[in-house]
Amino acid sequence: MNTKAIFITGGAGGMGLATGQRFAEAGWRVGLFDLDAAALAAAKAAIGSEAVMTGVLDVTDPDAFSEAVKLFSAWSGDRMDILFNNAGIAPGGLLEEMSVATIRAVIDVNVFGVIHGIRAALPILKRTDNALCISTSSSVATFGHAMRAVYTASKFAVKGLTEALSLELEQYDIRTADVLPGCIDTPMLRTETAKGSGRPFELSMLDRLPKTGAYRLMPASAIADAVWAAYHNSDPIHFYVPEEVGDTDRVKATDIQAARSEIKDFLFRGR
Ligand SMILES: NC(=O)c1ccc[n+]([C@@H]2O[C@H](COP(=O)([O-])OP(=O)(O)OC[C@H]3O[C@@H](n4cnc5c(N)ncnc54)[C@H](O)[C@@H]3O)[C@@H](O)[C@H]2O)c1
């Protein structure tokens, strides 16, 4: 089969759905995988293309991931041009107050979910010319965010995996990249920011986001554009959305206190 195919986790909503939409419009075959069966059905209907398959998948289950890849392979003509490891959760809170169960869940979904995905998909990625393995990290992986210490750790792990695998998978001609989104308008951002416990980053903040710079509100389609750019431009490894998110990494390289102050200003602004 000549049609290119993308496998997306967390595909039922937010950035995953927007990316599915973008690639379906461009004529790709799109596999959306997610925990949420009802949202998957709605997502398929919203895209409205025959070239969309959906599958219920919990990314924390390696066997289920292998099974999902098998189903996708049978449907796509045994090709996976892009693996988009995008499923994630972002519960916040003071580290000392988070339950161990919540901490484990963040690491399970955000880190093991990506590792299981790459391991399950490696054989099909190897069989596909010019394949790309791209995962969703976060702006928190430029400088960690207060109230998001565990989430921060999970997204630094994704960024580290990307860099290491960009070396390890080169021998198979598999490219590796990640996206580092700032504030993207998705159900996750709205849920997490609406809680309003009065603590940094849980201010009911959508309307308080800065209007310019790294933390201005971006549409989910900006992530779809970044994934598209990553597939069509093999040079960068990290795709910052918006580009200004990358400024923190650049500043940090020479002046870590300056980077720390910038993040502090953002998190504690108006307090
Ligand atoms: N929205 C933002 O501002 C923002 C910023 C930086 C990074 N991110 C990251 O972007 C990714 C997508 O987030 P989003 O904003 O679109 O969130 P979202 O909550 O709108 O979508 C995430 C999807 O992942 C699915 N999911 C959760 N756990 C899963 C599991 N165990 N197995 C399979 N699917 C699962 C959910 O059902 C949901 O459909 C996440 O990795 C998130 O951490 C988001």
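Residues numbered from 1 in each chain as written. Predicted model: local features only at pLDDT ≥ 70, side-chain atom pairs only at ≥ 80, totals over all residues.

Draft legend 1. Fine view of the overall build of the chain. Of regular secondary structure, the chain possesses nine helices and nine strands. Taken over C-alpha atoms, the radius of gyration comes to 18 Å for the chain, in line with the 18 Å a tight globule of 271 residues would show. Dimensions of the chain, computed from C-alpha atoms along their principal axes, come out at roughly 55 × 40 × 35 Å. Looking at the 271 residues of the chain, the share that counts as buried comes to 45%. Across the chain, the fraction of contacts at a sequence separation of at least 24, relative to all contacts at a separation of at least 6, is 69%. (Helix = DSSP H or I, 4+ residues; strand = E, 2+ residues; numbered from the N terminus. Rg over C-alpha atoms; globule rule 2.2 N^0.38 Å. Buried ≥ 20, exposed ≤ 12 C-beta atoms within 10 Å, placed from the backbone. Contact = placed C-beta atoms within 7 Å.)

Draft legend 2. Spatial organisation of the site of the ligand. Neighbouring the ligand are 31 residues; Gly10, Gly14, Gly88, Thr186 and Met188 lie closest to it. Elements supplying a minimum of two residues to the shell around the ligand: helix H1 (14-25), helix H4 (100-127), strand S7 (183-185) and helix H6 (187-194). Among the residues making up the shell around the ligand, the classes are represented as 16 nonpolar, 12 polar and three charged. (Near = placed C-beta within 6 Å. Nonpolar A, V, L, I, M, F, W, Y, C, P; charged D, E, K, R; others polar.)

Draft legend 3. Expanded view of the sheet that holds strand S4 (residues 82-85). The strand order across the open sheet formed by seven strands is S3-S2-S1-S4-S5-S6-S9, and the pairing between neighbours is parallel. Each of the sheet's edge strands pairs with one partner strand only, and the pair in question is strand S3 (52-56) and strand S9 (238-241). If you compare each strand with its neighbour and ignore which way they point, the axes differ by 15 degrees on average. Pairing geometry for strand S5 (residues 132-136) and strand S6 (residues 175-181), over five bridges, is parallel. What sits directly across from Ile134, in S6, is Ala177. The strands that helix H2 (residues 37-47) touches are strand S2 (29-34) and S3; relative to S3, the one it contacts most, it runs at about 175 degrees. The strands that helix H3 (residues 62-76) touches are strand S1 (5-9), S2 and S3; relative to S3, the one it contacts most, it runs at about 165 degrees. (Pairing = 2+ DSSP bridges. Axes fitted to C-alpha atoms, helices over the stretch in contact; angles between N-to-C directions.)

Draft legend 4. Quick look at unusual backbone geometry. The amide bond that connects Val241 to the next residue, Pro242, takes the cis arrangement and shows omega of -5 degrees. Relative to the helices and strands, Pro242 is located in the loop between S9 and helix H8 (245-254). Backbone geometry places Asp78, a non-glycine residue, at a positive phi of 55 degrees. For Asp78, the position within the fold is in the loop between H3 and S4. Of note in the backbone geometry, Asp173 takes a positive phi value of approximately 60 degrees without being a glycine.

Draft legend 5. Representation of helix H7 (residues 221-232) in the model. For H7, with 12 residues, the first-to-last C-alpha span of 17 Å sits near the 16 Å given by 1.5 Å per residue. Regarding H7, the residues found buried are Ile223, Ala224, Ala226, Val227, Ala230 and Tyr231. End-on, the buried residues of H7 take up no more than an arc of 160 degrees, which puts them together on one face. On the buried face of H7, the contacting elements are H1, S4, S5, S6, S7 and S9. (Expected span 1.5 Å × (residues − 1). Arc of directions from axis to C-beta.)

Draft legend 6. Summary view of the confidence of the model for the chain. A residue-level look at the chain finds 94% of positions with pLDDT of 70 or above and a mean pLDDT of 93. In this model residues 196-203 is a low-confidence stretch, pLDDT under 50, and it forms 20 contacts with partners more than four residues away in sequence or in other chains. (pLDDT = per-residue confidence, 0-100.)

Draft legend 7. Molecular detail of the environment of Phe65. Relative to the helices and strands, Phe65 is located in helix H3. Spatially, the C-alpha atom of Phe65 lies 9.5 Å from that of Ile118, the residues being 53 residues apart in sequence. Discounting residues that sit within four places of it in the chain, Phe65 has contacts with Leu57, Val59, His116, Gly117 and Ala120.

Draft legend 8. Highlighting the packing of H3 against H4. Orientation of H3 relative to H4, taken along the N-to-C sense of each, is 35 degrees, at an axis distance of 9 Å. Here the hand of the crossing between H3 and H4 comes out right-handed. Seen from H3, the contacting residues are Pro62, Phe65, Ser66, Val69 and Ser73; seen from H4, they are His116, Gly117, Ala120, Ala121 and Ile124. Looking at the contact of H3 with H4, its residues break down into six nonpolar, four polar and no charged. (Left-handed = near helix turned anticlockwise from the far one by under 90°.)

Draft legend 9. Representation of H2 in the model. Residues of H2 that are buried: Leu40, Ala43, Lys44 and Ile47. Buried residues in H2, looked at end-on, bunch into an arc of 100 degrees, giving them a common side. Along H2, the residues that are exposed and aim more than 90 degrees away from the buried face are Ala38, Ala41 and Ala45. Looking at the packing, one finds that the buried side of H2 touches H1, S2 and S3. Gly48 sits one or two residues past H2 and shows a positive phi near 65 degrees.

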